[in-house]
Amino acid sequence: MKRVRIMLENSVTVRMLMLNFIVIFFLSCEKESLSTDPTAVDRMEEADLKANKNLYSETFEFSAPVYDIAAAPDGSILVAVNQGDDRIIQQIKNGSLRTMVEFQTATAIQGIAPIGAGNAFVTTGGTDLAEHGELYRVSNGKARMVADLGAYEFENDPDAYSGIQWKDQLCEAIDGFSAGPQNNPFKVAALSGSTALIADAAGNTLLSATTTGDIDWVAIFTPPVDENGDYILRWDAGDESQSIPCFVQPVPTSVAIGPDGYIYVGELTGTLAVEDGLVPIGLSRVWKIPADANKVVCEVGSGPCQLLIDGLTSVIDLAIGPDGLLYVVEFDENSWWSSFYPPLPPAGGTISVYELDGTLVKVVASSLSFPSAITFDKNGNLWLLENNYIGLPGYPPTVRMLEY
């Protein structure tokens, strides 16, 4: 399922695909029907984009999907709002909200990484057969596409054709997707003003991309393993003449660069087989990758990648705190499935903090409502995005400072 697209797609508001009780959730950005009165249209769009701020708790509420937040050098918090085809990066500063830049893309912003005052890298989501998914550089109030991540996946598909080639493209033909390359650029981290690292959730890779359009894979992530160390099987795409094993997909969603220079990547983890209960609880991991890594395969027990933390559930973001520790966000203790599957109610998400050797320090917060991203401002305050956009009434995306 590499495509746990807790996300966004181009032209539908919410799609649920259920095959033999296998459900994969898509969230899309779709413009609502508006009055034909131009004045009314303007008023409605303005109201829809405006965040409602609770003056007492400094909580900002949004009525359009938000998948990531990030702290800028000036202390403001950048919020990537997805309104239809419009992408609006807004800034929270001194208790108020203003627009930094507005532009249009086919799919929603999923990751944002500041690279200086008024500058940032932005990733947009992928679609079936890697048709979309780009890296943008925002500067001087404008955004330009600098790297076509979808085209790279379509031409290379590293987890299928590079490294140990653990995935067969036929294994993508499930949950409403087509056999072939799939991508979903999610969170992004800036290595410099010209180079970004991207966790491609559907590509099962960590990518490096530059502002000149150069793209390559840094790491390939492998399926979770069972108690015997074998990849966990989800289904078989073969027939009577040939077996084509299809494994549970790792789905890397998040990336952070540590003060030690190492790269940290967290996994969401895809759907299990029907006989295994579908829901991937306790199978998500965090990997630690050397700064100079180049085309490495992250596999348990081998290679330069270190399995730093395991036993987690639906990791959706990572951040390095001002204390130099690693903060890990788990979307919900009942996994990402609880955000759309009524028989499995949400149990609450968690933020935990770890030493850079993987030792648990403490749980910062629990019972959170679908925590989706965190960031630290220049004063060391922890900011939290909850309810990125799960399509349920009463769960609007909210951004607030979290005391702990």
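Structural data are supplied above this passage.
Residues numbered from 1 in each chain as written. Predicted model: local features only at pLDDT ≥ 70, side-chain atom pairs only at ≥ 80, totals over all residues. Heavy atoms only, no water.

### Considering the pattern of salt bridges
Scanning the model with the defined rule gives 11 salt bridges in all. Close ionic contact of Asp159 with Lys167 constitutes a salt bridge, the shortest N to O distance being 2.9 Å. When sorted by exposure, Asp159 lands in the same class as Lys167, which is buried. Between Arg234 and Asp175 there is a salt bridge; the shortest N-O distance is 2.8 Å. Of the two residues, Arg234 sits in strand β17 (residues 233–236) while Asp175 sits in the loop between α3 (158–161) and β13 (185–190), which places them 59 residues apart along the sequence. Since its relative accessible area comes to 6%, Arg234 is described here as buried. Judged by its relative accessible area of 0%, Asp175 is buried. Put simply, Asp157, Asp159, Lys167 and Glu172 are held in one network by salt bridges that share partners. (Salt bridge = Lys/Arg side-chain N within 4 Å of Asp/Glu carboxyl O. Buried < 20%, exposed > 50% of the residue type's maximum accessible area, 1.4 Å probe, protein only. Helix = DSSP H or I, 4+ residues; strand = E, 2+ residues; numbered from the N terminus.)

### What to know about the sheet that holds strand β16 (residues 215–221)
Pairing between the strands of a sheet is mediated by backbone hydrogen bonds and can be parallel or antiparallel. Read from one edge to the other, the open sheet built from 5 strands follows the order β13-β14-β15-β16-β22, with strand pairing classed as mixed. Each edge of the open sheet carries a strand with a single partner, namely β13 and β22 (296–298). Each strand axis lies, on average, 25 degrees off the axis of its neighbour in the sheet, ignoring direction. Across the sheet, helix α2 (residues 149–156) lies against β13, β14 (195–200), β15 (205–210) and β16, angled at about 65 degrees from β16, the strand it touches most. (Pairing = 2+ DSSP bridges. Axes fitted to C-alpha atoms, helices over the stretch in contact; angles between N-to-C directions. Contact = heavy atoms within 4.5 Å.)

### Focus on the layout of surface pockets
Approximately 520 Å³ is the volume attributed to the largest pocket. As for the largest pocket, its lining consists of 27 residues, of which Ala70, Ala113, Pro114, Val188 and Thr375 are closest to the centre. If you list the elements that add at least two residues to the lining of the largest pocket, you get β5 (66–71), β9 (109–116), β13, β19 (252–257), β24 (315–320) and β28 (371–376). Looking at the lining of the largest pocket, the element that brings in the most residues is β9, giving 5 residues. Its residues assigned to classes, the lining of the largest pocket comprises 20 nonpolar, 2 polar and 5 charged. (1 Å grid on protein atoms, 1.4 Å probe; cavity = no way out; pocket = protein on both sides within 12 Å on 5 of 7 lines; lining within 4 Å. Points joined across faces, edges and corners; volume = space filled by probe spheres on them. Nonpolar A, V, L, I, M, F, W, Y, C, P; charged D, E, K, R; others polar.)

### Some thoughts on the side chain of Ser335
Considering the arrangement of structural elements, one finds Ser335 in the loop between β25 (326–330) and β26 (349–354). In contact with Ser335, not counting residues within four places along its chain, are Val279, Pro280, Ile281, Thr313, Ser314 and Leu344.

### A look at the state of the cysteines
Per the stated rule, a full pass over the model turns up 2 disulfides. Across the disulfide from Cys171 sits Cys246; the S-S distance is 2.0 Å. On the sign convention where negative means left-handed, the S-S torsion of about -80 degrees between Cys171 and Cys246 marks this disulfide as left-handed. On the criterion of sequence distance, the pair formed by Cys171 in the loop between α3 and β13 and Cys246 in strand β18 (residues 245–247) is long-range, its members being 75 residues apart. This pair shows no difference in class: Cys171 is buried, exactly as Cys246 is. Put simply, Cys298 and Cys305 are joined by a disulfide, and their sulfur atoms are 2.1 Å apart. Measuring the twist about the S-S bond at about -55 degrees, one finds the Cys298-Cys305 disulfide to be left-handed. Under the relative-accessibility criterion, Cys298 is labelled buried at 0%. (Disulfide = S-S within 2.5 Å.)

### Some points on the packing of aromatic side chains
Counted by the stated rule, this structure contains 10 aromatic pairs. With centroids separated by 6.3 Å and ring planes inclined at 75 degrees, the aromatic side chains of Tyr327 and Tyr404 adopt a geometry described as edge-to-face. Of this pair, Tyr327 sits in strand β25 while Tyr404 sits in the segment after β30 (398–402), placing them 77 residues apart in sequence. A relative accessible area of 43% places Tyr404 in the partly exposed class. Their ring planes at 45 degrees and their centres at 5.8 Å tell us that Trp336 and Trp337 sit as a pair that is tilted. Its relative accessible area of 1% is what places Trp336 among the buried residues. Of the aromatic side chains, those joined through ring pairs into one cluster are Trp336, Trp337, Phe340 and Tyr341. Lying over the aromatic face of Tyr262, Lys288 brings its terminal NZ or CZ to 4.7 Å of the ring centre. (Phe/Tyr/Trp six-rings, centres within 6.5 Å; stacked < 30°, edge-to-face > 60°. Lys NZ or Arg CZ within 6 Å of the ring centre and 35° of its normal.)

### Re the sheet that holds β25
If you trace the 4 strands from one edge of the open sheet to the other, you get β24-β25-β26-β27, paired in antiparallel fashion. The open sheet is flanked by β24 and β27 (360–368), the only strands paired with a single partner. The mean angle between the axes of side-by-side strands here comes to 15 degrees, regardless of whether they run parallel or antiparallel. Judged from the 5 bridges that link them, β26 and β27 form a sheet pairing that is antiparallel. Bridge assignment links Ile351 to a residue of β27, and that residue is Ala365.

Without other data, these values stay purely geometric and don't point to any function.
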